[in-house]
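Geometric and topological summary
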Amino acid sequence: MIPDSEYYLSAANPVANLDQRRMEDTALRIVARPELERPRMVARYLWNEVMEHEAGAQLGQLDAMLDEYVFHHALRAVASDGDHPGIVRFMTPPHHWFGRDVPGSRWAGDSPDFTYRIIPVSHGARYRITAAPANAAPPPTAHFALMGDNTAAPTILGLLDSLDLERAGDGSFVITVDAEPAGGRRNHIQTHPGALQIWVRDALGDWLAQAPHRLRVERLDPPAQAAPDDAALARWTAKSLLDGVYYAYYIIRGTTTLPPNQVTRPVSSAALGGMASQYGVKANVKLAPDEALVLTASDAGALFRNAVMQDVYMRSLNYWDRTGSLNHATMAPDETGMFTYVIAHQDPGVHNWLDTGGLEHTIFGQRWQSFPGGAAREEPVITGRLVKLDDLEKALPPGVRRIDAVGRHDQLVARRGGFDRRFVES
């Protein structure tokens, strides 16, 4: 096994490593292969058929979305080989690093605060995942979800929460992965027939201080077969991206069919196979230039919370240069202890501004997760109200945190600095 000193290419950014660079290079080769020309064409036809009316003014972003959609599935293909495992980050916007332009891979509602990574596994094989905090800042909470081999829709077979892990004194931990029951192993994921990958989500609060865990994976038994070639990975990508159109569109329509500007009731994600103690809400936001949507939410004791704006393709809005998202570390409480956000096209002078980027139609989502003791002490609460900008002051609850032009500038500078840290190469 390559020593850490050679594997990690940056002391500041644990995602800059040999696996990431190698697997991205493979995905870049795959999306350029002729085998994907027709599947991409068919996928574009399917997306255009269902989004031509729905997307409205955002239909011009269809090809940009499709670039991300195809690359997303190429990265999942590259991470489908449990015989020769590596770790690859996905669900990022387009970026440039390691001397090349890397397409985005956002899909079905990405979160700006998560570092998403994939680890391929095979049922019957044995693996060891080693993890450690990347720096002296408090490590982010993380979830390790065992995913089934289902290209049409993600299928969660098991879930491990970092809050439940046994850690060493330095915060590091080891996860064992095999087909056997835990048998007293606290940090264990038991595979099942059809297991394909482990999806990892590190939930960052302070983008400038926190970094995702340093992660490595090792297969403990010999591989059962040779690594797939690019042609085989291209075939896997083609099937996955065509099968996946229907699920991704279903996720989009689960919000865009809602009555405009009405926030849903917080519900547990257990129904989708997620954590029973994770709650989420959504809203189908349609704002005229002179309107704003005022939302007020409780924290419910969650260690991690975020509020995210997305376009009609469920890609996160520009969160690196705008306040297109907020999390528990960046949102300011009201004097009452509640949290009020204003979704608007123009700066309302409120600290918790969720910027639409000028899009008339957007999607809002909020998540509460990582509760001490593993369960929420109370169900989250959120209310919403559509108002005219001229009436905004009267609609705001008492004690809402304000911000001036200097404060907004500093807020945006910090966001950009935290975002840029994700693509530090050395």
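This section reports on the structure supplied with the text.

Focus on the overall build of the chain
A count of helical and extended segments in the chain gives seven helices and 20 strands. In terms of overall size, the chain behaves like a compact globule, its C-alpha atoms giving a radius of gyration of 21 Å where 426 residues would be expected to give roughly 22 Å. Counting only C-alpha atoms and orienting by the principal axes, one finds that the chain spans roughly 65 × 55 × 40 Å. The proportion of buried residues among the 426 residues of the chain is 54%. When the accessible surface of the chain is summed, it comes to about 17,600 Å², and 53% of that surface belongs to carbon and sulfur atoms. Averaged over its 42 positive side-chain charges, the chain has a centre that lies 1 Å from the centre of its 51 negative ones.

So, the sheet that holds strand β18 (residues 353-355)
Spatially, four strands are ordered β18-β17-β14-β20 in an open sheet, and the strand pairing comes out mixed. Looking along the sheet, the strands with just one partner apiece sit at the ends: β18 and β20 (382-388). The mean inter-strand angle of the sheet, taken between neighbouring strand axes irrespective of direction, is 25 degrees. Bridge count for strand β17 (residues 339-344) against β18 is three bridges, and the pairing is parallel. The residue bridging Ile343 from the neighbouring strand is Leu354, located in β18.

Topic: the packing of helix α2 (residues 18-31) against helix α5 (residues 230-256)
The contact between α2 and α5 brings their axes to 9 Å, and the two run at 75 degrees. On the basis of the axis angle, α2 is roughly perpendicular to α5. For the pair α2 and α5, the contacting residues are Thr26, Arg29 and Ile30 in the first and Asp230, Leu233, Ala234 and Thr237 in the second. Looking at the contact of α2 with α5 residue by residue, the class counts come to three nonpolar, two polar and two charged.

Focus: the sheet that holds strand β12 (residues 267-268)
Pairing between sheet strands relies on hydrogen bonds along the backbone, with the strands arranged either parallel or antiparallel. On the basis of which strands lie adjacent, the open sheet formed by five strands has the order β12-β13-β19-β15-β16 and antiparallel pairing. Two strands close off the open sheet at either side, each with one partner strand: β12 and β16 (325-327). Two strands pair when backbone bridges link them, and strand β13 (residues 279-286) and strand β19 (residues 361-369) are joined in this way by eight bridges, in the antiparallel orientation. Directly across from Val281, in β19, lies its bridge partner Gln366.

Definitions and cut-offs
Residues numbered from 1 in each chain as written. Predicted model: local features only at pLDDT ≥ 70, side-chain atom pairs only at ≥ 80, totals over all residues. Heavy atoms only, no water. Helix = DSSP H or I, 4+ residues; strand = E, 2+ residues; numbered from the N terminus. Rg over C-alpha atoms; globule rule 2.2 N^0.38 Å. Buried < 20%, exposed > 50% of the residue type's maximum accessible area, 1.4 Å probe, protein only. Areas by Shrake-Rupley, 256 points an atom, 1.4 Å probe, with all protein chains shown as cover. Lys, Arg positive; Asp, Glu negative; His and termini not counted. Charge placed at Lys NZ, Arg CZ, Asp CG, Glu CD. Pairing = 2+ DSSP bridges. Axes fitted to C-alpha atoms, helices over the stretch in contact; angles between N-to-C directions. Parallel < 35°, antiparallel > 145°, perpendicular 65-115°, else oblique. Contact = heavy atoms within 4.5 Å. Nonpolar A, V, L, I, M, F, W, Y, C, P; charged D, E, K, R; others polar.

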